[in-house]
Structure formats: structure tokens, C-alpha cells
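What follows is each chain in one-letter form.
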Amino acid sequence: MNAYEQLVAEAQGRPFAAIVAWPVEHSRSPALHGFWLRQQRIDGHYGRLPVEPRRAALEELVAFLKRTPNARGCNLTLPHKIEIMPLLDRIDPVAKRIGAVNTVVKLPDGTLEGRNTDGFGFLEALKYNAPHWTAASGPVLVLGAGGAARAVVASLIDEGVPELRLVNRTRQSAVDLGVAFTPADGRRIVVGSWHERSELLAGAALLVNTTSLGMKGQPALDIDLAPLPRQAAVYDIVYVPLETGLLAAARARGNRCVDGLGMLLHQGRPGFEAWFGRKVDVSVEQRRVVAADLGA
Ligand code: ATR
């Protein structure tokens, strides 16, 4: 039985979606969507689909989603978020702007729409976990300029932050990101150098780490938080471990902290709602279940 046949067998005729990745074994998406399916008593399924990083394999995925009546769509993660785009019938404006798709929804006419819910998840988790933060609170420093940073920067600009500061080890990527997302209304994206990351914390209302530094198996993020105001929030989108060195240091000096698990949970909401027709929210219980699944 191949992976598609196995997924269809697991679904037993029920509506289903799946996480598509390569490798896919480590994904936590089945745990978070499985929680909502049980909580909402929806007779549906959310599985895993290993899909190789080849165009022909992605074409096979698209054909499978279209021809399988109870397939509602999928999530996509590394390394497919960009390569899937030309194969879909429609890309929604947010995904187009971010330049990546993490959610595919089969529309009633059977066509496939690509969406990106990472920026939504990022902001929702911030609003839940640091409710005192608003876009008007002040400048934001974002560390990193990779795929995750694009969603974070787009959502912060759309939310109305007055000044965004951006630093990345490879400075040119930050410059390119700044150029791509500078709004036409006069607000600025200030690009600094990686070695300036600490001094750029002065007067900031929010620090966001989008780099892989601090992740299990990666080097620690080395940053002196001294210039950061105590009322600022500190957000690390890394979720393995949940309490990174950055968050531990920020918590110790009294900053409000937001870990990466909230973003992971919230980014799942729009897809679930589109596939299974039920509005859902995150809860302490769901966080506990997915954190346990992470071994956190
Ligand atoms: P993602 O999709 O998770 O954002 P990515 O696109 O590979 O992953 O981006 C990883 C980010 O972590 C980049 O900003 C990267 O910096 P570079 O653009 O210079 O590669 C950053 N990063 C990874 N390892 C790093 C390190 N040792 N020091 C500083 N930044 C690092």
C-alpha cells in the first residue's frame, strides 16, 4: 500500500486533510488537528503524507487531492511551501505576498486554493499571550530573514507597527526583505547588521526571534537583552524546546514571553475551519496535548 492508499484507508470515507512534508514523521500537525476533531466530535481524519521534493511528486499530490472526493486539502511544510505554488489553481493574496503556501483548501468547485496562515498564527498567538502589546506600542526588532521571517514581517507591517527593525546574519537577505515589505505609507523598515542586534533593542516594544538559533541541536542565540525595556514582549517562534535560552533570559528580567507553540496551534485554525466547517480556538488543554506530543 502506498502512502496515498494508506491515507484513504485511514480516512474510511470521512472528510480528511493531511500534513505534507519530507520527512513527515516529526510533524505535530496530526496532534493539533486530531485534538480539534475529537473536541468538536467531527467525523473526519487528519493524516500524514510523505511527499518527495520533486515536481512530479507534487503533481501527483495535486491530482490525488482533486480526484479524491473526501479529500478537503492539506498543510504543507518543508520543503514544499514555495514549489507547490505554480501547481495550484489559485493563490490567495496573503500567500502571494508572503511567497509561500502552508495550507491548501479544495473549493466547492473542486479547484485548489493556496493560502498562508503563518502570519495569522504568529499574530494571534502574540495577542493571546501578550495582550498588552499592540502595534502602536513601538518599534519591533525581528531577528532573521528566512521563510518564517517573511510571514512575521508581513503580518507586523499589516498590523501597523510604526517601525520595524530587521537584522540577519546574512545582511543582504534582510535588505531584500526590507525592500519587499516596506509599506508605501512612510513607515520604515530599518535594516541593521547582525552585530548590532543588541543595541537595536533600545526603545523596542517587541523582540521576535525567527532564526533557528536556540532550537534543539542548534547553537544558542547570543544576545544581550540589557537595552530592551522591561515592558517589551519577547517572542521566540522556536518551539523545540518551548523555553529557549532567549525566553528564559527575558522572563528572568521581567519581560512578557511568547513561545513558538502558540503560533503552531493558531496557524492551524483557518485550515481546520475551511476543511471541516467548524470554527475552533486554541485552549490550555490542546496546548498540553501538543506539548506532550513534542516531548516538551
Ligand atoms: P525558516 O523557514 O525557519 O525561517 P530559513 O529560511 O532557513 O528557515 O531561515 C533560517 C534563519 O536563521 C535565517 O535568518 C538564518 O540566517 P542566514 O540568512 O544568515 O542563513 C538564521 N540562522 C541560521 N543559523 C544561524 C546562525 N548560526 N547564526 C545566525 N543566524 C542563523
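In what follows, the structure referred to is the one given above.
So, how was this worked out
Residues numbered from 1 in each chain as written. Predicted model: local features only at pLDDT ≥ 70, side-chain atom pairs only at ≥ 80, totals over all residues. Heavy atoms only, no water. Helix = DSSP H or I, 4+ residues; strand = E, 2+ residues; numbered from the N terminus. Expected span 1.5 Å × (residues − 1). Buried < 20%, exposed > 50% of the residue type's maximum accessible area, 1.4 Å probe, protein only. Salt bridge = Lys/Arg side-chain N within 4 Å of Asp/Glu carboxyl O. Axes fitted to C-alpha atoms, helices over the stretch in contact; angles between N-to-C directions. Parallel < 35°, antiparallel > 145°, perpendicular 65-115°, else oblique. Left-handed = near helix turned anticlockwise from the far one by under 90°. Contact = heavy atoms within 4.5 Å. Nonpolar A, V, L, I, M, F, W, Y, C, P; charged D, E, K, R; others polar. Pairing = 2+ DSSP bridges. Near = heavy atom within 4 Å. Polar contact = N/O pair within 3.5 Å; in protein donor to acceptor, adjacent residues only side chain to side chain.

A closer look at helix 6 (residues 147-159)
Taking 1.5 Å per residue as the helical rise, helix 6 with its 13 residues ought to reach 18 Å, and the 19 Å between its terminal C-alpha atoms agrees with that figure. Taken residue by residue, helix 6 has Ala 149, Ala 151, Val 152, Val 153, Ala 154, Ser 155, Leu 156 and Ile 157 as its buried positions.

Observations concerning the pattern of salt bridges
Under the criterion given, the structure shown has 18 salt bridges. A salt bridge links Arg 54 to Glu 52, with the shortest nitrogen-to-oxygen separation between them at 3.1 Å. Of the residues examined, Arg 54 reaches a relative accessible area of 43% and is grouped as partly exposed. Among the residues examined, Glu 52 registers a relative accessible area of 34% and is labelled partly exposed. Glu 113 serves as the salt-bridge partner of Arg 90, at 2.1 Å between the closest nitrogen and oxygen. Here the residue Arg 90 occupies a position in strand 4 (residues 90-91), and Glu 113 occupies one in strand 6 (residues 112-115), the gap between them amounting to 23 residues. Under the relative-accessibility criterion, Glu 113 is labelled buried at 7%. Within this structure, Arg 90, Glu 113 and Arg 115 form a network of salt bridges that share partners.

Structural notes on the packing of helix 5 (residues 118-129) against helix 9 (residues 260-267)
Taken N-terminus to C-terminus, the directions of helix 5 and helix 9 make an angle of 125 degrees; their axes are 7 Å apart at the nearest point. If you check the angle between helix 5 and helix 9, you find them oblique. Seen along the crossing, helix 5 lies across helix 9 with a hand that is right-handed. Contacts between helix 5 and helix 9 pair Asp 118, Phe 120, Gly 121, Phe 122, Glu 124, Ala 125 and Tyr 128 from the former with Gly 262, Met 263, His 266 and Gln 267 from the latter. Of the residues that constitute the contact of helix 5 with helix 9, the class distribution is five nonpolar, four polar and two charged.

Details of the pairing of strand 3 (residues 71-76)
Burial within strand 3 is extensive, with five of its six residues counted as buried. Direction of pairing for strand 1 (residues 16-21) relative to strand 3: parallel, over a ladder of five bridges. Residue pairing across strands places Ile 19 opposite Asn 75, the latter belonging to strand 3.

Here we look at the site of the ligand
Neighbouring the ligand are the residues Gly 144, Ala 145, Gly 146, Gly 147, Ala 148, Asn 168, Arg 169, Thr 170, Trp 194, Thr 211, Ser 212 and Leu 213. Within the contact set of the ligand, an oxygen atom lies 2.9 Å away from a backbone nitrogen or oxygen of Ala 148. In the model, an oxygen atom of the ligand is placed 2.6 Å from a nitrogen or oxygen of the Asn 168 side chain. Among the residues forming the shell around the ligand, the class breakdown is four nonpolar, seven polar and one charged.

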